[in-house]
Amino acid sequence: MAWLIYTSLELAIAVACCLGNVLVVWAVCLTRTFRQPTFCFVASLAVADFLVGSVAVPLAVLVDGWVEIPFQACLAVSCVVLVLTQASVLSLLAIAVDRYLRVSIPLRYKEIATEQRSWAAVVLCWLISCLLGFTPLFGWHNGHSLSSPLLNSSHINCTFLAVIPLPYMVYFNYLGCILLPLAVMTLLYSLVFYSLRKRLRREDETSAPVESKLRAFLIKEKRLARSLALVLLLFAACWMPLHLMNCVLLSTGPQGVPQIAFYTGILLSHANSAVNPVVYALRIIKIREAYLEIWRRYVLCWRGQRDFSSPSWRSQPGEQNAGHQTTPKPLVHESGR
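This text gives an overview of the structure that appears in the document. None of these values were measured; they are calculated from a predicted model.

### What about the overall build of the protein chain?
Item 1. When helices and strands are counted, the protein chain shows twelve helices and two strands.
Item 2. When the helices and strands of the protein chain are listed from N to C terminus, the series reads α-α-β-α-α-α-α-β-α-α-α-α-α-α.
Item 3. In the protein chain, which comprises 337 residues, the share counted as buried stands at 41%.
Item 4. Taking all contacts inside the protein chain whose residues are at least 6 apart in sequence as the whole, residues at least 24 apart take part in 82%.

Spelled out as structure tokens, the structure:
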């Protein structure tokens, strides 16, 4: 029964991840105003979150001890989850660096942060994520207790911690690849908010009419920075419990963490990928408008075309000759005049 509840919740999270983040990527690709460095990194984060729903969640259910597969296959499947987590962290770091550059060097920002360089940074983030996430494949795994023939041919009851060592998860993944970038991002957002607050205070003191556009720009940047900082805060809140439980497991052993708490931490970490599109819609006006545009252009338009072509629309009750189909008059195009 517990397994059924856990699997059902994972399935619901996976569907929400896929639908929400497809909408984010669609909005960024559809709207030309989103061809900015910040939204390139937001799209990268959405792709990582989409892959969490479409790949990582099914794999998490798979590597929960329900299948027996070769050790190397179990190790490779587990590393994919690590790659996607690292891609999310580095995308968040890229967003923080972009916001800092936008505020600290506004005059040179457009010259430095071009669209081409932004997509190059996205590719670099994913390459580094693969390098860090696939590190266990190069020897840092739990297979050293097995002999070489068994390592290559035997099937094991595949679980994540059966192949990924806790020292890797705590010392390398948590402290080095997650906690350190989170500290850097916290520092960058602190500097961004400090700079914006100081410049807004200066604008309030001068209150010159010609500087009203600058004040509007600063307020807009502050609102966007708050929204993106909220995404960072939610990431930390959703992932920290699981990593802290890994620290407890390393120090006390399996008896240190109840199984229900561990599975709750896994669900919470996966749910983070489904929350981000909702945050974008609630906090970032441009993305909310893009969502509504997609809804009007593709959903309502498609429904309108379907209703227009249905027999019930063409033959409304009470019309004269309701059962008789008339040939519509051809439309006159402006270009034909």
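After that view of the structure, there is still more to cover.
### Quick word on the state of the cysteines
Item 1. Scanning all chains against the criterion turns up one disulfide.
Item 2. Between the sulfur of C74 and that of C158 lies a disulfide, 2.0 Å long from S to S. Given an S-S torsion of about 85 degrees, the disulfide between C74 and C158 has right-handed geometry. Taken together, the residues span a long stretch of sequence, with C74 in helix α3 (residues 71-104) and C158 in strand β2 (residues 155-159) at a distance of 84 residues. Both residues of the pair, C74 and C158, belong to the buried class.
Item 3. C18 provides the cysteine sulfur closest to C17, a residue in no disulfide bond, and the two sulfurs are 6.6 Å apart.
Item 4. Judged by its relative accessible area of 0%, C17 is buried.

### Digging into the pattern of salt bridges
Once their charged atoms are close, side chains differing in charge can pair, the charge on each being opposite to the other.
Item 1. With the rule as written, the count across this model stands at five salt bridges.
Item 2. The salt bridge partner of E221 is R102, with a shortest N-O separation of 3.2 Å. Taken together, the residues E221 in helix α9 (residues 212-252) and R102 in helix α3 connect sequence positions 119 residues apart.
Item 3. Given a relative accessible area of 6%, E221 falls into the buried group.
Item 4. Residue E293 pairs with R297 through a salt bridge whose shortest N-O separation is 3.1 Å. Taken as a pair, E293 and R297 lie in helix α11 (residues 285-309) at a separation of four residues, close to a single helical turn.
Item 5. Taking the relative accessible area as the measure of exposure, R297 reaches 41% and is therefore partly exposed.

### Section: the side chain of H141
Item 1. In this structure, H141 sits in the loop between α5 (115-133) and α6 (148-153).
Item 2. With a relative accessible area of 10%, H141 lands in the buried category.
Item 3. If sequence neighbours within four positions are ignored, H141 has contacts with F71, L75, P136, V163 and P165.

### Things to note about the layout of surface pockets
Item 1. Of the volumes computed, that of the largest pocket is approximately 630 Å³.
Item 2. Around the largest pocket, the lining comprises 26 residues; the ones closest to its centre are F160, L161, L242, F262 and I266.
Item 3. Mapped by element, the contributors of at least two residues to the lining of the largest pocket are α3, α7 (160-163), α8 (166-206), α9 and α10 (259-283).
Item 4. The dominant element in the lining of the largest pocket, judged by the number of residues it contributes, is α10, at six residues.
Item 5. A per-class count over the lining of the largest pocket returns 17 nonpolar, eight polar and one charged.
Item 6. Surrounding the second largest pocket, 19 residues form its lining, Q36, K220, E221, L224 and K286 being those nearest its centre.
Item 7. Among the elements of the structure, α2 (37-62), α3, α4 (106-112), α9 and α11 are those that each provide at least two residues to the lining of the second largest pocket.
Item 8. Considering every element that reaches the lining of the second largest pocket, the biggest residue donor is α9, with five residues.
Item 9. Considered class by class, the residues forming the lining of the second largest pocket number seven nonpolar, three polar and nine charged.

### Overview of the packing of α2 against α5
Item 1. For the pair α2 and α5, interaxial distance at closest approach is 9 Å and the crossing angle is 30 degrees. Our classification of the angle between α2 and α5 gives roughly parallel. The two elements α2 and α5 cross, and the hand of that crossing is right-handed. Across from P37, C40, F41, A43, S44, V47, A48 and L51 in α2, the residues of α5 making contact are S118, W119, A121, V122 and W126.
Item 2. Class assignment of the residues belonging to the contact of α2 with α5 gives a composition of eleven nonpolar, two polar and no charged.

### Some details on the nonpolar core
Item 1. Ranked by size, the top nonpolar core spans 62 residues in total, and within it L182 and Y280 carry the most contacts.
Item 2. Secondary structure elements with two or more residues in this core: α1 (2-30), α2, α3, α5, α8, α9, α10 and α11.
Item 3. By residue number, the principal contributor to this core is α9, which donates twelve residues.
Item 4. Non-local contacts of Y280, meaning those with residues more than four positions away in its chain, are made with V24, V42, L45, V231, I287 and Y291.

### Some points on α2
Item 1. For α2, which comprises 26 residues, the first-to-last C-alpha distance of 36 Å matches the rise-based estimate of 38 Å (1.5 Å per residue) to within 8%.
Item 2. Along α2, the sharpest change in direction is near 45 degrees and occurs at V52.
Item 3. Taking burial as the measure, the 26 residues of α2 include 19 buried ones, the bulk of the element.

### Here's the deal with the environment of L75
Item 1. Along the chain, L75 falls in helix α3.
Item 2. With residues up to four places along the chain from it excluded, the contact list for L75 reads P136, L137, H141, V163 and I164.

The rules behind these values
- Residues numbered from 1 in each chain as written.
- Predicted model: local features only at pLDDT ≥ 70, side-chain atom pairs only at ≥ 80, totals over all residues.
- Heavy atoms only, no water.
- Helix = DSSP H or I, 4+ residues; strand = E, 2+ residues; numbered from the N terminus.
- Buried < 20%, exposed > 50% of the residue type's maximum accessible area, 1.4 Å probe, protein only.
- Contact = heavy atoms within 4.5 Å.
- Disulfide = S-S within 2.5 Å.
- Salt bridge = Lys/Arg side-chain N within 4 Å of Asp/Glu carboxyl O.
- 1 Å grid on protein atoms, 1.4 Å probe; cavity = no way out; pocket = protein on both sides within 12 Å on 5 of 7 lines; lining within 4 Å.
- Points joined across faces, edges and corners; volume = space filled by probe spheres on them.
- Nonpolar A, V, L, I, M, F, W, Y, C, P; charged D, E, K, R; others polar.
- Axes fitted to C-alpha atoms, helices over the stretch in contact; angles between N-to-C directions.
- Parallel < 35°, antiparallel > 145°, perpendicular 65-115°, else oblique.
- Left-handed = near helix turned anticlockwise from the far one by under 90°.
- Core = buried A, V, L, I, M, F, W, Y, C linked by side-chain atoms within 4.5 Å.
- Expected span 1.5 Å × (residues − 1).
- Bend = angle between axes of the 7 residues up to and from the residue.

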